[in-house]
Amino acid sequence: MPAPYVKLYVGDVIRTRKAHPCGGDVWVIERLGADVGIRCRTCGRFVLMDRIKLERRIRAFLRRGNEPVPEPEPPPPPEAAKPRGRRPAQPSPEPRPRRRIVKRARA
Ligand SMILES: [Zn+2]
């Protein structure tokens, strides 16, 4: 069975099976193509690697570059920020006595 095609994105943070001579094994993908450019997160060195080779070396994705990092939910606004809409109902004035409408016949 062929290995599933690994989709890579610029910005992906990967962990490789084999560590860099500097000891770091976390890389950031910076360039895609036949060769993939990855930068060592530990020493900052940029390395171009054969895509096939790299795919075989990837042990895990720590972050996918095509997905925004989820931000924590903002706290709910304080009470004062409540939308002001309705005014408190005003007490109605004295009920007016009804006036009788008297229809007057025209003279
Ligand atoms: Zn390194």
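Look up a bit, the structure's there.
Notes on the structure follow. (Residues numbered from 1 in each chain as written. Predicted model: local features only at pLDDT ≥ 70, side-chain atom pairs only at ≥ 80, totals over all residues.)

## Observations regarding the sheet that holds strand S3 (residues 35-40)
Part 1 of the argument: Taken in spatial order, the five strands of this open sheet run S4-S3-S2-S1-S5, and their pairing is antiparallel. The sheet is open, and its two edges are formed by strand S4 (46-50) and strand S5 (58-63), each paired on a single side. The mean inter-strand angle of the sheet, taken between neighbouring strand axes irrespective of direction, is 40°.
Part 2 of the argument: Note that strand S2 (residues 26-31) and S3 share four bridges and pair antiparallel. Of the residues in S3, the one forming a bridge with Val28 is Arg39. (Pairing = 2+ DSSP bridges. Helix = DSSP H or I, 4+ residues; strand = E, 2+ residues; numbered from the N terminus. Axes fitted to C-alpha atoms, helices over the stretch in contact; angles between N-to-C directions.)

## Points about the pairing of S3
Part 1 of the argument: Residues Val36, Ile38 and Cys40 of S3 are buried on one face, while the alternating residues Asp35, Gly37 and Arg39, pointing to the opposite face, are not.
Part 2 of the argument: Between S2 and S3, which pair antiparallel and follow one another directly, the connecting turn spans three residues.
Part 3 of the argument: In the sheet, S3 pairs with S4 via five bridges, with the strands oriented antiparallel. Its bridge partner being in S4, Arg39 is matched across the sheet by Phe46.
Part 4 of the argument: In sequence, S3 turns back onto S4 through a hairpin of five residues, with Gly44 there showing a positive phi of about 80°. (Buried ≥ 20, exposed ≤ 12 C-beta atoms within 10 Å, placed from the backbone.)

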